[in-house]
Amino acid sequence: MLNYIIRRLVMIIPVLLGVSIIAFSLLHMIPGDPARSMLGNKANEAQLEQLREELRLNDPYLVQYGRFVTSTLQGDLGKSVKSNNPVGEELKNRLPATMELSLFAIFIATVVGVLAGVIAAVKQYSWFDNLSMTGALFGVSIPIFWLGLMMIMLFSVTLQWLPPSGRLSTGVELDTITNFYILDSILTLNWTAFKDSVTHLLMPGIALGTIPMAIIARMTRSSMLEVLNQDYIRTANAKGLASYLVVFQHALKNAFLPVLTVIGLQFGFLLGGAVLTETIFSWPGVGRYVLQAILGRDYPVVQSTILVVAVMFVFINLLTDILYKYIDPRIRFD
Amino acid sequence: MEQEPILEVDNLHTHFFTKSGVVKAVDGVSFSVKPGETLGIVGESGSGKSITAMSIMRLIKDPPGKIVEGGLTFKGEDLLAKSEKEMRSIRGDRISMIFQDPMTSLNPVFTVEKQMVETIRAHRNVSKKQAIDRAVELLELVGIPSPRSRLKSYPHEFSGGMRQRVMIALALSCDPEVLIADEPTTALDVTIQAQILELLGRLQKELGMAIVMITHDLGVVAEVCDRVMVMYAGKPVEFAEVTELFDHPKHPYTWGLIGSIPNMENRQERLEAIKGLPPDLRALPEGCSFAPRCKHAMDKCQSKDPDFKEESAGHQVRCLLYEEEEVAVK
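Residues numbered from 1 in each chain as written. Chains lettered and ligands numbered in written order. Predicted model: local features only at pLDDT ≥ 70, side-chain atom pairs only at ≥ 80, totals over all residues. Heavy atoms only, no water.

Novice: Describe the sheet that holds strand β10 (residues 235-241) of chain B, and please don't skip the residues or the numbers.
Specialist: Residue and element names in this part refer to chain B. If you walk across this open sheet you meet the eight strands as β6-β7-β8-β3-β9-β10-β12-β11, and the pairing is mixed. Here the strands that pair on one side only, and so sit at the sheet edges, are β6 (95-98) and β11 (309-312). The mean angle between the axes of side-by-side strands here comes to 20°, regardless of whether they run parallel or antiparallel. Inspection of the sheet shows strand β3 (residues 38-42) paired to strand β9 (residues 227-232) by four bridges, in the parallel sense. Across the sheet, the residue bridging to Gly40 is Val228, located in β9. Taken strand by strand, helix α8 (residues 190-207) contacts β3, β6, β7 (178-182) and β8 (210-215), and its axis lies near 160° from that of β8. Sitting on the sheet, helix α11 (residues 252-259) touches β3, β9 and β10, and the angle it makes with β9 is about 105°. (Pairing = 2+ DSSP bridges. Helix = DSSP H or I, 4+ residues; strand = E, 2+ residues; numbered from the N terminus. Axes fitted to C-alpha atoms, helices over the stretch in contact; angles between N-to-C directions. Contact = heavy atoms within 4.5 Å.)

See the structure below:
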């Protein structure tokens, strides 16, 4: 097992090298002068030269790339051209925000999706099956921005139950330790902040979790239907086991493998791709940060953020692969 | 002294209600088994053998399946009147079952220990440790070497024959009074088949349970069964003691089954096969279901479905050849 993890970690190196090359080339794949495209048409030659000097764009590509890799490895992710803030500092606040949101979204999606999928499979063609699968079809088809806006209209404007944006209400104090607000509020025993951050998380979390939830529900259902017809399920019934054991242990553990794959992939997407949700709910996360950087042609930010998100994606995939082994002992790693 | 039967099946009808019609998978099956006895149920694929077994366990999925008529009595108790919960306490405990394919009948993601312990603890109020001890004892009983360490193995780490032994151990967890074996040797190599049959025979002697042996293999029947029921298209067609059946088969279908076994003493050029295919269970012929394939079919076979007729003590047959006026044909 340990061997496998080490080998996988080694195999990650070329993947990360590839990602770093792509992230690096980004700046140079834009047609024309990168300095010009960052500063716009109104910049004069002196300003352009200053930026080129600052980003050392006049060096050969290989030298630039070498510098990009070594500084990244040393934890220096560069500076924003616009705000001059170090990207690392920005990400330190924004990455936990995105992770908190994504974790919550994938948690809701997994719990509700798996449960709905299992019940739909066990009661195939029942009203619950039809209703939940139609719901899931809507879930994958609904545009998130529309769903988010509708939720804000209903729960924030009309009913006034939930705050429409941000992570904390103004006036609520929280000492941050990890920048995961829920975790921090528990660690500091600050229940006002806990309640406040949970209410802020609820709507964006559910909006973000809708598509994964629908995919997970449909995947669980089809996987369960296949497993429920297996001989070992008949054996489990013939042994006189209670039906919840047959369904939730004997069947679900077997049916969970493809579902786990989907959960891992979806979680990876959420980490890097919560752009819409973060924008609608003004969530100060990575998605919004990178979107603003792209719109503002702040390429050093885009480069480094892509790299960080890609690294996380790769590690989530590794984690998924390791979890496989715990679920299915037949999987061999050699 | 004549023993009371432990399991009685009376005129069982299990039908499947599908979109393309009602499939009469089991259509009037009756038999009984006594403690310590082995009853064979023989027939082609699709003759209703397995559905009969699943009906006894009340494991027919509803919908589409349903036991529409008949009685199931286990030690004087009416199984059809039992709730699902009561049935669950009988399954795996007093009546248990082993299946055809040991490769797929054990859950691949759990250790043998987990699968055995959960069965024992579902029916007996014992600690986990006691359940493990019992599991070791059972694996030993079915001849698995170094049972305590093997408990930690997963099913895929056993060979086919060993897996079937595990399956048998699992079925015997709670000393069942009736063991239903649904083609227990079909998926195994011939040498392993013989070992498993021998094991079942030995265990039956030691534990005194009744066995219902479902098979399409007359060789298996000859080896282990006391009495045999031959089934065709969901109906029993012949019933006899095993030696009587082989010595004096009466039903043309049984003749066909026996005729299609290779015989070392009388080598024939060609084995006799039963022509045609089993009928569509959704649209059974009006008369005898076997008539369209029967070499001895008469006009009246097309219109009249025969009743069971006792030809000699304990030997019943369902064929119009044995009606009064046809005796000459014999």
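After that view, the rundown keeps rolling.
Novice: Run through the UniProt feature "domain: ABC transporter" (unreviewed entry) in chain B, naming residues and quoting values.
Specialist: In the UniProt entry, the feature "domain: ABC transporter" (unreviewed entry) is given for residues 7-258 of chain B. Annotation note: span residues 7-258 of chain B, helix share 39%, strand share 28%, distance between end C-alpha atoms 28 Å. (UniProt positions renumbered as here; feature names shortened; annotations may be inferred.)

Novice: Please provide a residue-by-residue account of the interface of chain B and chain A, values included.
Specialist: Counting residues at the interface gives 26 residues for chain B, matched by 20 residues for chain A. Between chain B and chain A, the buried area comes to about 2,100 Å², and carbon and sulfur atoms account for 58% of it. There are one salt bridge connecting chain B and chain A. Salt-bridge contacts for B:Glu118 lead to A:Lys239; the nearest nitrogen and oxygen are separated by 2.9 Å. Listed by contribution, the elements that provide at least two residues to the side of chain B that touches chain A are α3 (102-105), α4 (112-123) and α7 (160-171) of chain B. (Buried area = accessible area lost by both parts, 1.4 Å probe. Salt bridge = Lys/Arg side-chain N within 4 Å of Asp/Glu carboxyl O.)

Novice: Break down unusual backbone geometry for me, citing the residues and quoting the values.
Specialist: Unlike most non-glycine residues, B:Lys75 shows phi in positive territory, near 50°. Looking at the element boundaries, B:Lys75 is found in the loop between β4 (65-74) and β5 (77-78).

Novice: Help me get a handle on the domain arrangement of chain B, residues and values and all.
Specialist: All names here are of chain B. Split into domains, chain B comes out as domain 1 (7-94 + 174-329) and domain 2 (102-173). A separation of 30 Å is found between the C-alpha centroids of domain 1 and domain 2. With 22 residues of domain 1 at the contact, the number on the domain 2 side is 16 residues. Across the interface of domain 1 and domain 2, roughly 1,400 Å² is buried in total on both sides, 65% from carbon and sulfur atoms. The tally of links from domain 1 across to domain 2 stands at two salt bridges. (Domains from an automatic or database assignment.)

Novice: Give a detailed account of the packing of aromatic side chains, specifying residues and quantitative values.
Specialist: The full count for this structure, using the stated rule, is nine aromatic pairs over all chains. Pairing A:Phe155 with A:Trp161 gives two aromatic rings, centres 6.1 Å apart and planes at 35°, and the pair type is tilted. Here A:Phe155 falls in the partly exposed class, since its relative accessible area comes to 23%. Where B:Tyr253 meets B:Phe290, the ring centres are 5.2 Å apart and the plane angle is 65°; that geometry is what we call edge-to-face. Pair noted here: B:Tyr253 is in helix α11 and B:Phe290 is in the loop between α11 and β11, with a separation of 37 residues, a long-range link. Both residues of the pair, B:Tyr253 and B:Phe290, belong to the buried class. (Phe/Tyr/Trp six-rings, centres within 6.5 Å; stacked < 30°, edge-to-face > 60°. Buried < 20%, exposed > 50% of the residue type's maximum accessible area, 1.4 Å probe, protein only.)

Novice: Give a description of the pairing of β10(B) that names residues and reports values.
Specialist: Residue and element names in this part refer to chain B. Among the seven residues of β10, six are classified as buried, and the element is accordingly described as predominantly covered. Bridge analysis of β9 against β10 gives six bridges, and the strand direction is antiparallel. By the bridge assignment for β10, Val230 is matched with Glu238. Between the antiparallel neighbours β9 and β10 lie two residues, among them Ala233 with a positive phi of about 50°. Of the strand pairs in this sheet, β10 and strand β12 (residues 315-317) are connected by two bridges, and their pairing is antiparallel. Across the sheet, residue Glu238 finds its bridge partner in β12, namely Val317.

Novice: Explain the pattern of salt bridges residue by residue, including any values.
Specialist: Residue and element names in this part refer to chain B. Scanning the model with the defined rule gives 30 salt bridges over all chains in all. We note a salt bridge from Asp93 to Arg124, for which the minimum N-O separation is 3.1 Å. Taken as a pair, Asp93 in the loop between α2 (84-90) and β6 and Arg124 in the loop between α4 and α5 (128-141) lie far apart in primary sequence, 31 residues in all. Assessed through its relative accessible area of 11%, Asp93 is described here as buried. The shortest N-O distance in the salt bridge between Asp133 and Arg148 comes to 3.1 Å. With a gap of 15 residues between them, Asp133 in helix α5 and Arg148 in helix α6 (residues 147-150) connect regions that are remote in the sequence. For Asp133, a relative accessible area of 28% translates into the label partly exposed. Members of the salt-bridge network, linked through shared partners, are Lys75, Glu77, Lys82, Arg94 and Glu177.

Novice: Pulling in residues and values, what's your account of the UniProt feature "transmembrane region" (unreviewed entry) in chain A?
Specialist: Residue and element names in this part refer to chain A. Taking the UniProt record as the reference, the feature "transmembrane region" (unreviewed entry) is found at residues 9-30, 101-122, 134-162, 198-217, 255-281 and 301-324. Note that residues 134-162 is 79% helix and 0% strand, and that its end C-alpha atoms are spaced 27 Å apart. Regarding residues 301-324, the helix share stands at 100% and the strand share at 0%, and the terminal C-alpha atoms are separated by 35 Å.

Novice: Describe the environment of B:Cys301, and please don't skip the residues or the numbers.
Specialist: Turning to its location among the elements, B:Cys301 is positioned in the loop between α11 and β11. Along the backbone, B:Cys301 and B:Phe290 are 11 residues apart, and their C-alpha atoms lie at a distance of 8.8 Å.

Novice: Give a description of the confidence of the model for chain A that names residues and reports values.
Specialist: In this model, chain A carries a mean pLDDT of 88, and residues with pLDDT of at least 70 account for 99%. Looking at the elements of chain A, mean pLDDT is at its lowest for helix α2 (residues 34-39) of chain A, recorded as 77, and at its highest for helix α9 (residues 191-228) of chain A, recorded as 94. (pLDDT = per-residue confidence, 0-100.)

Novice: Give me the layout of surface pockets: which residues, what numbers.
Specialist: Residue and element names in this part refer to chain A. Each pocket or cavity is described by its volume, and for the largest pocket that value is around 1,400 Å³. No other element matches helix α11 (residues 243-273), which puts five residues into the lining of the largest pocket. When the residues that make up the lining of the largest pocket are grouped by side-chain class, the tally is 21 nonpolar, six polar and nine charged. Of the volumes computed, that of the second largest pocket is approximately 520 Å³. Residue assignment for the lining of the second largest pocket shows that the elements contributing at least two residues are α1 (2-29), α4 (61-73) and α14 (299-327). Among the elements that take part in the lining of the second largest pocket, α4 stands out by supplying five residues, more than any other. Considered class by class, the residues forming the lining of the second largest pocket number eight nonpolar, eight polar and five charged. The residues that make up the lining of the second largest pocket include at least three from each of domain 1 (2-73) and domain 2 (93-327). (1 Å grid on protein atoms, 1.4 Å probe; cavity = no way out; pocket = protein on both sides within 12 Å on 5 of 7 lines; lining within 4 Å. Points joined across faces, edges and corners; volume = space filled by probe spheres on them. Nonpolar A, V, L, I, M, F, W, Y, C, P; charged D, E, K, R; others polar.)

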